[in-house]
Amino acid sequence: DMFEYAVANHYWYNLVLDELPIWAMVGETRANASDPEGDHLVYVHKRFSIAYNGDRVIEVNLTNENPTPLALNSKLDFTYEVTWTQTDKKFSHRFNRYLDQDFFEHQIHWFSIFNSFMMVIFLVGLVGLILLRTLKSDYSKYSKQFDEEENIVDAPEDSGWKQVQGDAFRFPPYL
C-alpha cells in the first residue's frame, strides 16, 4: 500500500555514498487498458557503478532495473550489484558533475517572474498614488506663504485626525 502510494505520486529517494548524492525513483506507472490508473511497478534491482581513483571514490551512478508489479500481500526481493571501475579524474573535480547546469534540468518560469515584477510595479505605483493624493493638500497648505496682511483666520482648517491628535495623544488627567 505504501509502495503503491509512493509510485503513484512519483516519489524519489536519496542515497549518499562517500558524500556523493544519488537520486532514483521508487517505481513507475505503466498504462494498462483494463485499469485506468495503470500498473504500479517497483524497481527491485539496483545497479551501482562506482568509479574510483586510488583509494578515493570519484563518481557514483545508480541504475534501476527489473520493474516488478505490485500486488497485495506479495513479497518483494530487493537486490543490488556493484561494479567498480578505475578512472583518471582527480578527487578535487568529483563535484563538477553536480555543478553542471544541465544536471538538474530546471526550467525558468519566465511568465511567473514577469507577472510578479509587474505586480510589484503596480502595487508600488498604487501606494505612491495614495501617498501623493494624501500629502498633496498638506504640502500645498504648508508651503503657501501667508502675507503679513492676511489673518491666521484665513488659513485652511485642519481636517481628519489632525483635529483630534491633541486629544488622542494627551496624557490622562489622573495619572
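Participant: An account of the overall build of the protein chain is needed here, citing residue identities and associated values.
Facilitator: Counting its secondary structure elements, the protein chain contains five helices and six strands. Ordered by position from N to C terminus, the α and β elements of the protein chain give α-β-β-β-β-β-β-α-α-α-α. The 175 residues of the protein chain split such that 18% are buried. Only carbon and sulfur atoms are counted for the fraction: they give 58% of the accessible area of the protein chain, which is about 14900 Å².

Participant: Lay out the pattern of salt bridges in plain terms, naming residues and giving numbers.
Facilitator: Enumeration according to the criterion identifies five salt bridges in this entry. For the salt bridge of Arg94 with Asp18, the shortest nitrogen-to-oxygen distance reads 3.1 Å. Here Arg94 is found in the loop between β6 (79-86) and α2 (96-99), whereas its partner Asp18 is found in the loop between β1 (12-17) and β2 (20-25), with 76 residues between them in sequence. In this structure Arg94 comes out as buried when scored by relative accessible area, which is 6%. On the basis of relative accessible area, Asp18 is assigned to the partly exposed category, the value being 39%. A salt bridge links Lys89 to Glu59, with the shortest nitrogen-to-oxygen separation between them at 2.6 Å. Of this pair, Lys89 sits in the loop between β6 and α2 while Glu59 sits in strand β5 (residues 56-69), placing them 30 residues apart in sequence. Residues joined in a network through salt bridges with shared partners are Arg47, Glu65 and Glu81.

Participant: Give me the lowdown on the nonpolar core, citing residues and values where you can.
Facilitator: Ranked by internal contacts, the top residues of the largest apolar core, which has 16 residues, are Val60 and Leu62. Put simply, the parts of the chain that give this core at least two residues each are α1 (2-8), β2, β4 (39-53) and β5. The biggest single contributor to this core is β4, with four residues. Not counting the four nearest positions on each side in its chain, Leu62 is found in contact with Tyr13, Leu15, Ile22, Ala24, Lys46, Arg47 and Phe48.

Participant: With reference to specific residues and values, describe the confidence of the model for the protein chain.
Facilitator: The pLDDT averaged across the protein chain works out to 82; a share of 75% of its residues lies at or above 70. For the protein chain, helix α3 (residues 101-104) is the element with the lowest average pLDDT, namely 61, and β6 is the one with the highest, namely 95.

Participant: Tell me about the packing of aromatic side chains, and please be specific about residues and values.
Facilitator: Enumeration according to the criterion identifies six aromatic pairs in this entry. Judged by centre distance (6.3 Å) and plane angle (70 degrees), the ring pair of Trp23 and Tyr98 falls under edge-to-face. With a gap of 75 residues between them, Trp23 in strand β2 and Tyr98 in helix α2 connect regions that are remote in the sequence. On the accessibility criterion, Trp23 (35% relative accessible area) is partly exposed. According to the relative accessible area criterion, Tyr98 is buried, its value standing at 9%. Here the aromatic rings of Phe48 and Tyr80 are separated by 6.5 Å at their centres, their planes lie at 80 degrees, and the arrangement is edge-to-face. Here Tyr80 lies in strand β6 and Phe48 lies in strand β4, a separation of 32 residues in the sequence. With a relative accessible area of 60%, Tyr80 lands in the exposed category. Here the basic side chain of Arg56 rests over the ring of Phe91, its NZ or CZ set 4.2 Å away from the ring centre.

Participant: Could you give an account of the side chain of His45, with specific residues and numbers?
Facilitator: Examined against the element boundaries, His45 turns out to sit in strand β4. The class of His45 is buried, set by a relative accessible area of 12%. For His45, the side chain forms a polar contact with the side chain of Thr79, separated by 2.6 Å.

Parameters at a glance
- Numbering of residues starts from 1 in every chain and runs along the sequence as written.
- Side-chain atom pairs in this predicted model are given and counted only at pLDDT of 80 or more, local residue features only at pLDDT of at least 70, and totals for whole chains, interfaces and linings cover all residues.
- Hydrogens and water molecules were not included; the side-chain quantities draw on all heavy atoms of the structure.
- Under the DSSP-based scheme used, a helix requires at least four consecutive residues in state H or I and a strand at least two consecutive residues in state E, with every element numbered from the N terminus.
- Relative accessibility under 20% of the residue-type maximum defines a buried residue, over 50% an exposed one, and the middle range a partly exposed one, all with a 1.4 Å probe and only protein chains included.
- In these tables, accessible area is a Shrake-Rupley quantity obtained with a 1.4 Å probe, and a residue counts as shielded only by the protein chains included in the view.
- A pairing counts as a salt bridge when a side-chain nitrogen of Lys or Arg comes within 4 Å of a carboxyl oxygen of Asp or Glu.
- Think of a nonpolar core as a cluster: buried Ala, Val, Leu, Ile, Met, Phe, Trp, Tyr and Cys residues, connected wherever their side-chain atoms sit within 4.5 Å.
- Residues count as neighbours in contact if any of their non-hydrogen atoms are within 4.5 Å of one another.
- A residue's pLDDT is the confidence the predictor assigns to it, expressed on a 0 to 100 scale.
- Aromatic rings from Phe, Tyr and Trp, with only the six-membered ring used for Trp, were paired whenever their centres fell within 6.5 Å, and each pair was classed as stacked if the ring planes differed by under 30 degrees, edge-to-face if by over 60, and tilted otherwise.
- Consider the ring centre and the ring normal. A charge sits over the ring if Lys NZ or Arg CZ is within 6 Å of that centre and within 35 degrees of that normal.
- Pairing of N or O atoms within 3.5 Å defines a polar contact, subject to two protein rules: one partner must be a possible hydrogen donor and the other a possible acceptor, and residues neighboring in sequence count only if both atoms are side-chain atoms.

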